[in-house]
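Understanding the architecture of this molecule
Single-letter residue listing:
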Amino acid sequence: QVQLVESGGGLVQAGDSLRLSCVASGRTFDWYAMGWFRQAPGKEREFVATINPTGGATHYADSVKGRFIISRDNAKNTMYLLMNSLKSEDTAVYYCATARGSVLRLKSDDYVYWGQGTQVTVSS
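Here's what I pulled together on the structure shown here.

Cut-offs applied
Residues numbered from 1 in each chain as written. Predicted model: local features only at pLDDT ≥ 70, side-chain atom pairs only at ≥ 80, totals over all residues. Heavy atoms only, no water. Pairing = 2+ DSSP bridges. Helix = DSSP H or I, 4+ residues; strand = E, 2+ residues; numbered from the N terminus. Axes fitted to C-alpha atoms, helices over the stretch in contact; angles between N-to-C directions. Buried < 20%, exposed > 50% of the residue type's maximum accessible area, 1.4 Å probe, protein only.

For the rest of this paragraph, the subject is the sheet that holds strand S3 (residues 18–26). One open sheet accounts for 4 strands, arranged S1-S3-S8-S7; its pairing is antiparallel. Sheet topology places strand S1 (2–7) and strand S7 (68–73) at the edges, where each strand pairs with a single neighbour. On average, adjacent strands in this sheet sit at an angle of 15° to one another, irrespective of strand direction. Examined bridge by bridge, S7 and strand S8 (residues 78–83) share 6 bridges and lie antiparallel to one another. Its bridge partner lying in S8, Asp73 is registered against Thr78.

A few words now on the environment of Ala75. Topologically, Ala75 is positioned in the loop between S7 and S8. Among the residues examined, Ala75 registers a relative accessible area of 78% and is labelled exposed.

Coordinates in, geometry out; function isn't part of it.
Written out as structure tokens, the structure is:
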């Protein structure tokens with residue numbers, strides 16, 4: 001059993017940066033790959049980024065590659081998403097999640113535990 005809590009969302013201007021945090025509790029944090037997903041109103045939840053247990057391997061959606069950076073600090077049981085050069089299209093509720101195992105996962109069905117989400121709104 002894993003519990004996840006996101007924080008760091010808010011209202012920002014286009015071009016600004018924002019860092020989201022996800023704190024995990026329960027099972028040992030560094031056993032699992034983790035990921036970030038987002039969902040805009042009226043749209044399906046979409047993949048943003050994923051990171052393996054050690055932080056040595058990552059993968060990003062094309063829409064955020066070069067702008068967002070996923071990282072994790074296993075000593076703090078925390079995962080981060082640094083979002084740079086934000087666009088209005090990035091407006092969504094952002095969710096962190098724990099995968100079924102240690103390999104990178106790109107589909108929401110491959111994730112078992114989810115946080116409550118944090119709202120990110122980017123104005124133009």
